[in-house]
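# Fold and geometry: a report
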Amino acid sequence: MISVLILTKNEAKDLPGCLASVSWCDDIHVYDSYSDDATIEIALQAGAKITQRKFDNWSAHQNWGLENIKFKYSWVLYIDADERVSEELHQIITQLDLSNNTYVAYEIRRRDFAWNGVWLKHAQISPFYIRFFRPEKMGYERLVNPISKPLGPVGRLNGYLDHYPFSKGIRFWFARHLGYADMEAEMRVAEMGEGKTYSLTKAFFSRDFTEKRYHQKGLFYKLPGRPIVKWFYMVLFRMAFLDGVTGVSYATMQAIYEYFIVLKTKEIFSEKADSIE
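The text that follows walks through the structure, step by step, so that each part is easy to find. What you are looking at is a predicted structure, and each value in this text was computed from that prediction instead of being measured.

Right, let's talk about the sheet that holds strand 4 (residues 76-80) for a bit. What the eight strands build is an open sheet, ordered 3-2-1-4-7-6-10-5; its pairing is mixed. The open sheet is flanked by strand 3 (49-52) and strand 5 (83-85), the only strands paired with a single partner. Across the sheet, the mean angle separating the axes of adjacent strands is 35 degrees when strand polarity is ignored. Across five bridges, the pairing between strand 1 (residues 3-8) and strand 2 (residues 28-32) is parallel. Bridge assignment links Val-4 to a residue of strand 2, and that residue is Ile-28. Against the sheet, helix 3 (residues 58-68) makes contact with strand 1, strand 2, strand 3, strand 4 and strand 7 (128-133), and its axis sits at roughly 145 degrees relative to strand 1, the strand it touches most. Sheet strands touched by helix 4 (residues 87-94): strand 4, strand 5, strand 6 (105-112), strand 7 and strand 10 (154-163). Its angle to strand 10, the strand with the most contacts, is close to 150 degrees.

Structural data, given as C-alpha coordinates:
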(Lines give C-alpha, C1' and ligand atoms only; values in the text may rest on other atoms or scores of the structure.)
Protein backbone atom coordinates (compact mmCIF):
# COMPACT_ATOMS: atom_id res chain seq x y z
CA MET A 1 0.00 0.00 0.00
CA ILE A 2 2.79 2.38 -1.01
CA SER A 3 3.10 4.90 -3.85
CA VAL A 4 6.44 5.64 -5.51
CA LEU A 5 7.58 9.06 -6.76
CA ILE A 6 10.50 9.38 -9.22
CA LEU A 7 11.83 12.76 -10.38
CA THR A 8 13.22 12.81 -13.93
CA LYS A 9 14.84 14.98 -16.56
CA ASN A 10 16.34 13.07 -19.51
CA GLU A 11 16.79 9.87 -17.52
CA ALA A 12 16.48 7.30 -20.33
CA LYS A 13 19.76 5.71 -19.24
CA ASP A 14 18.97 5.27 -15.54
CA LEU A 15 15.19 5.02 -15.42
CA PRO A 16 14.82 1.36 -16.54
CA GLY A 17 16.90 0.10 -13.62
CA CYS A 18 15.12 2.40 -11.20
CA LEU A 19 11.69 1.25 -12.36
CA ALA A 20 12.76 -2.40 -12.15
CA SER A 21 13.71 -1.91 -8.48
CA VAL A 22 10.15 -0.76 -7.66
CA SER A 23 8.26 -3.08 -10.02
CA TRP A 24 6.38 -4.42 -6.96
CA CYS A 25 4.49 -1.11 -6.70
CA ASP A 26 1.17 -0.56 -8.50
CA ASP A 27 1.22 3.25 -8.15
CA ILE A 28 4.44 4.62 -9.66
CA HIS A 29 4.54 8.34 -10.51
CA VAL A 30 7.21 9.77 -12.80
CA TYR A 31 7.43 13.51 -12.14
CA ASP A 32 9.19 14.82 -15.23
CA SER A 33 10.72 18.19 -16.16
CA TYR A 34 9.89 17.91 -19.87
CA SER A 35 12.50 15.38 -20.93
CA ASP A 36 13.41 15.34 -24.62
CA ASP A 37 14.80 11.81 -24.68
CA ALA A 38 12.99 8.48 -24.24
CA THR A 39 12.22 9.01 -20.53
CA ILE A 40 8.45 9.31 -20.97
CA GLU A 41 8.21 6.31 -23.32
CA ILE A 42 10.14 4.15 -20.86
CA ALA A 43 7.94 5.26 -17.98
CA LEU A 44 4.72 4.59 -19.89
CA GLN A 45 5.92 1.13 -20.94
CA ALA A 46 6.44 0.34 -17.25
CA GLY A 47 2.89 1.46 -16.45
CA ALA A 48 3.92 4.61 -14.57
CA LYS A 49 1.72 7.69 -14.31
CA ILE A 50 3.24 10.87 -15.76
CA THR A 51 3.17 14.41 -14.35
CA GLN A 52 5.18 17.15 -16.07
CA ARG A 53 6.25 20.56 -14.78
CA LYS A 54 9.04 22.91 -15.78
CA PHE A 55 11.84 22.79 -13.21
CA ASP A 56 12.58 26.05 -11.37
CA ASN A 57 14.42 25.04 -8.20
CA TRP A 58 14.53 21.92 -6.06
CA SER A 59 12.34 22.86 -3.11
CA ALA A 60 9.64 24.57 -5.20
CA HIS A 61 9.56 21.65 -7.62
CA GLN A 62 9.34 19.02 -4.89
CA ASN A 63 6.70 20.93 -2.90
CA TRP A 64 4.53 21.38 -5.99
CA GLY A 65 4.73 17.65 -6.72
CA LEU A 66 3.66 16.63 -3.22
CA GLU A 67 0.78 19.11 -3.26
CA ASN A 68 -0.56 18.32 -6.74
CA ILE A 69 0.18 14.71 -7.66
CA LYS A 70 -2.72 12.41 -6.81
CA PHE A 71 -1.15 9.44 -5.05
CA LYS A 72 -3.19 6.28 -4.65
CA TYR A 73 -1.84 5.54 -1.19
CA SER A 74 -1.17 7.62 1.91
CA TRP A 75 2.57 6.81 2.07
CA VAL A 76 5.09 7.76 -0.63
CA LEU A 77 8.59 6.42 -1.31
CA TYR A 78 10.52 9.16 -3.11
CA ILE A 79 13.57 8.17 -5.20
CA ASP A 80 15.68 9.57 -8.03
CA ALA A 81 16.25 7.83 -11.34
CA ASP A 82 19.87 7.00 -10.47
CA GLU A 83 18.77 5.24 -7.26
CA ARG A 84 17.68 1.65 -6.69
CA VAL A 85 15.54 0.21 -3.89
CA SER A 86 17.41 -2.78 -2.49
CA GLU A 87 15.48 -5.98 -1.90
CA GLU A 88 16.20 -5.64 1.82
CA LEU A 89 14.66 -2.15 1.90
CA HIS A 90 11.69 -3.34 -0.14
CA GLN A 91 10.96 -6.09 2.38
CA ILE A 92 11.30 -3.75 5.35
CA ILE A 93 9.01 -1.07 3.89
CA THR A 94 6.29 -3.42 2.73
CA GLN A 95 6.21 -5.20 6.11
CA LEU A 96 5.69 -1.96 8.08
CA ASP A 97 2.37 -1.50 9.84
CA LEU A 98 1.42 1.92 8.47
CA SER A 99 -2.19 1.86 9.60
CA ASN A 100 -1.38 2.76 13.21
CA ASN A 101 1.84 4.71 12.98
CA THR A 102 3.02 7.64 15.11
CA TYR A 103 5.65 8.68 12.55
CA VAL A 104 4.96 10.95 9.59
CA ALA A 105 8.22 10.07 7.81
CA TYR A 106 11.23 7.76 7.87
CA GLU A 107 14.92 8.27 7.19
CA ILE A 108 16.58 5.76 4.88
CA ARG A 109 20.30 5.17 4.57
CA ARG A 110 21.67 5.70 1.08
CA ARG A 111 24.73 3.92 -0.30
CA ASP A 112 26.65 6.01 -2.83
CA PHE A 113 28.72 4.08 -5.36
CA ALA A 114 31.65 5.60 -7.24
CA TRP A 115 32.42 5.44 -10.96
CA ASN A 116 34.25 2.13 -10.46
CA GLY A 117 31.54 0.48 -8.36
CA VAL A 118 33.22 1.10 -4.98
CA TRP A 119 30.80 1.86 -2.14
CA LEU A 120 31.81 5.23 -0.68
CA LYS A 121 31.06 3.96 2.79
CA HIS A 122 33.26 6.45 4.63
CA ALA A 123 33.56 9.27 2.09
CA GLN A 124 29.81 9.79 1.83
CA ILE A 125 28.94 12.94 3.79
CA SER A 126 25.20 12.60 4.42
CA PRO A 127 24.05 8.98 4.38
CA PHE A 128 20.54 9.42 5.83
CA TYR A 129 17.69 11.01 3.89
CA ILE A 130 13.96 11.32 4.56
CA ARG A 131 12.53 9.45 1.59
CA PHE A 132 9.48 7.62 2.93
CA PHE A 133 6.66 9.83 4.19
CA ARG A 134 3.06 10.95 4.20
CA PRO A 135 3.06 13.64 1.47
CA GLU A 136 0.73 16.02 3.31
CA LYS A 137 3.22 16.02 6.21
CA MET A 138 6.34 16.81 4.16
CA GLY A 139 7.82 20.02 2.77
CA TYR A 140 11.17 21.25 1.47
CA GLU A 141 13.36 24.36 1.76
CA ARG A 142 16.48 25.61 -0.11
CA LEU A 143 17.04 25.98 -3.85
CA VAL A 144 19.47 23.05 -4.09
CA ASN A 145 20.28 20.15 -1.76
CA PRO A 146 16.88 20.86 -0.18
CA ILE A 147 16.20 20.43 3.51
CA SER A 148 13.32 18.12 4.39
CA LYS A 149 10.79 19.68 6.78
CA PRO A 150 8.54 16.92 8.14
CA LEU A 151 5.52 17.99 10.17
CA GLY A 152 5.85 15.40 12.92
CA PRO A 153 8.10 12.68 14.36
CA VAL A 154 10.56 10.86 12.09
CA GLY A 155 11.66 7.24 12.38
CA ARG A 156 14.58 5.42 10.79
CA LEU A 157 14.52 2.27 8.66
CA ASN A 158 17.14 -0.38 8.04
CA GLY A 159 17.92 -1.41 4.49
CA TYR A 160 19.65 0.60 1.77
CA LEU A 161 18.70 2.91 -1.05
CA ASP A 162 21.51 2.43 -3.56
CA HIS A 163 22.70 5.53 -5.40
CA TYR A 164 24.80 5.68 -8.59
CA PRO A 165 25.71 9.37 -9.06
CA PHE A 166 28.35 8.53 -11.69
CA SER A 167 26.09 6.41 -13.89
CA LYS A 168 26.39 9.02 -16.67
CA GLY A 169 30.13 9.50 -16.19
CA ILE A 170 32.45 11.85 -14.31
CA ARG A 171 32.02 14.65 -16.87
CA PHE A 172 28.26 14.69 -16.24
CA TRP A 173 28.83 14.72 -12.46
CA PHE A 174 30.98 17.85 -12.75
CA ALA A 175 28.58 19.54 -15.18
CA ARG A 176 25.66 18.93 -12.84
CA HIS A 177 27.60 20.20 -9.84
CA LEU A 178 28.49 23.38 -11.69
CA GLY A 179 24.76 23.99 -11.89
CA TYR A 180 24.38 23.15 -8.21
CA ALA A 181 27.18 25.61 -7.41
CA ASP A 182 25.29 28.41 -9.16
CA MET A 183 22.20 27.79 -7.02
CA GLU A 184 24.20 27.33 -3.80
CA ALA A 185 26.01 30.62 -4.39
CA GLU A 186 22.80 32.51 -5.16
CA MET A 187 21.22 31.14 -2.02
CA ARG A 188 24.29 31.98 0.05
CA VAL A 189 24.28 35.60 -1.15
CA ALA A 190 20.55 35.90 -0.44
CA GLU A 191 20.95 34.50 3.08
CA MET A 192 23.80 36.93 3.80
CA GLY A 193 21.55 39.78 2.68
CA GLU A 194 18.79 38.58 4.99
CA GLY A 195 21.18 38.35 7.95
CA LYS A 196 20.30 34.73 8.75
CA THR A 197 21.95 33.19 11.80
CA TYR A 198 22.83 29.59 12.59
CA SER A 199 23.10 27.75 15.89
CA LEU A 200 26.31 25.98 16.89
CA THR A 201 24.36 24.00 19.48
CA LYS A 202 21.84 22.74 16.92
CA ALA A 203 24.62 22.02 14.42
CA PHE A 204 26.23 19.54 16.81
CA PHE A 205 23.53 18.36 19.21
CA SER A 206 20.13 18.55 17.50
CA ARG A 207 18.37 15.18 17.44
CA ASP A 208 16.69 16.18 14.20
CA PHE A 209 19.11 15.18 11.42
CA THR A 210 17.58 17.65 8.96
CA GLU A 211 17.84 20.55 11.42
CA LYS A 212 21.40 19.57 12.35
CA ARG A 213 22.46 19.45 8.69
CA TYR A 214 20.84 22.84 7.98
CA HIS A 215 22.77 24.61 10.75
CA GLN A 216 26.00 22.77 9.96
CA LYS A 217 25.79 23.91 6.34
CA GLY A 218 25.04 27.50 7.33
CA LEU A 219 28.02 27.65 9.69
CA PHE A 220 30.27 25.85 7.20
CA TYR A 221 29.67 28.57 4.60
CA LYS A 222 31.21 31.09 6.99
CA LEU A 223 34.52 29.24 7.26
CA PRO A 224 37.56 30.58 5.40
CA GLY A 225 39.25 28.10 3.09
CA ARG A 226 36.13 25.92 2.85
CA PRO A 227 37.35 23.67 0.01
CA ILE A 228 40.46 22.67 1.96
CA VAL A 229 38.47 22.26 5.18
CA LYS A 230 36.01 20.01 3.38
CA TRP A 231 38.79 17.86 1.94
CA PHE A 232 40.43 17.30 5.34
CA TYR A 233 37.03 16.73 6.96
CA MET A 234 36.18 14.01 4.47
CA VAL A 235 39.59 12.35 4.30
CA LEU A 236 40.58 12.47 7.98
CA PHE A 237 37.46 12.98 10.10
CA ARG A 238 35.10 10.82 8.03
CA MET A 239 38.08 8.59 7.11
CA ALA A 240 37.49 8.57 3.37
CA PHE A 241 40.96 7.08 3.04
CA LEU A 242 39.44 3.78 4.22
CA ASP A 243 37.62 3.71 0.86
CA GLY A 244 41.04 3.66 -0.79
CA VAL A 245 42.15 5.82 -3.68
CA THR A 246 38.51 6.10 -4.76
CA GLY A 247 37.52 7.67 -1.44
CA VAL A 248 40.33 10.23 -1.54
CA SER A 249 39.53 11.03 -5.18
CA TYR A 250 35.88 11.57 -4.31
CA ALA A 251 36.84 13.88 -1.43
CA THR A 252 38.96 15.88 -3.89
CA MET A 253 36.01 16.18 -6.28
CA GLN A 254 33.80 17.40 -3.45
CA ALA A 255 36.44 19.99 -2.50
CA ILE A 256 36.52 21.19 -6.12
CA TYR A 257 32.73 21.49 -6.05
CA GLU A 258 33.02 23.61 -2.90
CA TYR A 259 35.53 25.82 -4.74
CA PHE A 260 32.99 26.22 -7.57
CA ILE A 261 30.60 27.68 -4.99
CA VAL A 262 33.28 30.04 -3.64
CA LEU A 263 34.10 31.33 -7.13
CA LYS A 264 30.45 31.75 -8.11
CA THR A 265 29.72 33.64 -4.89
CA LYS A 266 32.58 36.05 -5.63
CA GLU A 267 31.31 36.46 -9.17
CA ILE A 268 27.82 37.41 -7.94
CA PHE A 269 29.23 39.99 -5.52
CA SER A 270 31.43 41.39 -8.28
CA GLU A 271 28.44 41.71 -10.62
CA LYS A 272 26.44 43.45 -7.89
CA ALA A 273 29.30 45.90 -7.29
CA ASP A 274 29.58 46.64 -11.03
CA SER A 275 25.84 47.28 -11.30
CA ILE A 276 25.99 49.78 -8.40
CA GLU A 277 28.82 51.67 -10.07
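To continue, consider the environment of Pro-135. One can find Pro-135 in the loop between strand 7 and strand 8 (140-141). In this structure the C-alpha to C-alpha distance between Pro-135 and Tyr-78, which are 57 residues apart in sequence, comes to 9.8 Å. Excluding its chain neighbours within four sequence positions, the residues that come into contact with Pro-135 are Leu-66, Phe-71, Ser-74 and Val-76.

A word on the pattern of salt bridges. Tallying each qualifying case throughout the model produces 17 salt bridges. Of the charged contacts, one joins Asp-27 and Lys-49 as a salt bridge, the two residues approaching to 3.0 Å between their closest N and O atoms. Placement of Asp-27 in the loop between helix 1 (15-21) and strand 2 and of Lys-49 in strand 3 is noted, with a sequence separation of 22 residues between them. Linking Asp-112 and Arg-110 is a salt bridge whose minimum nitrogen-to-oxygen distance equals 3.2 Å. Here Asp-112 and Arg-110 have matching classes, each one buried. Residues joined in a network through salt bridges with shared partners are Asp-80, Glu-83, Arg-110, Asp-112 and Arg-131.

What follows deals with helix 8 (residues 226-237). Taken together, the buried positions of helix 8 are occupied by Arg-226, Pro-227, Lys-230, Met-234 and Val-235. Taken down its axis, helix 8 places every buried residue within 155 degrees of arc, on the same side. Looking at helix 8, the residues exposed on the side facing more than 90 degrees away from the buried face are Ile-228, Leu-236 and Phe-237. Positioned one or two residues after helix 8, Met-239 has a phi angle of 60 degrees, which is positive.

What counts, and at which threshold
- Within any chain, residue numbers begin from 1 and follow the written order of that chain's sequence.
- Given that this is a predicted model, residues contribute local features only at a pLDDT of at least 70 and side-chain atom pairs are listed and counted only at 80 or more, while totals for whole chains, interfaces and linings are drawn from all residues.
- Hydrogen atoms and water are omitted, and side-chain values are computed over all heavy atoms in the structure.
- Two strands qualify as a pair provided that DSSP identifies no fewer than 2 bridges between them.
- Secondary structure elements follow DSSP: runs of H or I of four or more residues count as helices, runs of E of two or more count as strands, with numbering from the N terminus.
- Only the stretch in contact is used when fitting a helix axis, every axis being a line fitted to C-alpha atoms; angles between N-to-C directions are given from 0 to 180 degrees.
- Residues are treated as being in contact if the distance between any of their heavy atoms lies within 4.5 Å.
- By definition, a salt bridge exists where a carboxyl oxygen of Asp or Glu is found within 4 Å of a side-chain nitrogen of Lys or Arg.
- Here's how the labels work: a residue is buried when its accessible area is under 20% of the maximum for its type, exposed when over 50%, partly exposed in between, all with a 1.4 Å probe on protein chains only.
- It is the directions from the helix axis to the C-beta atoms whose arc is reported.

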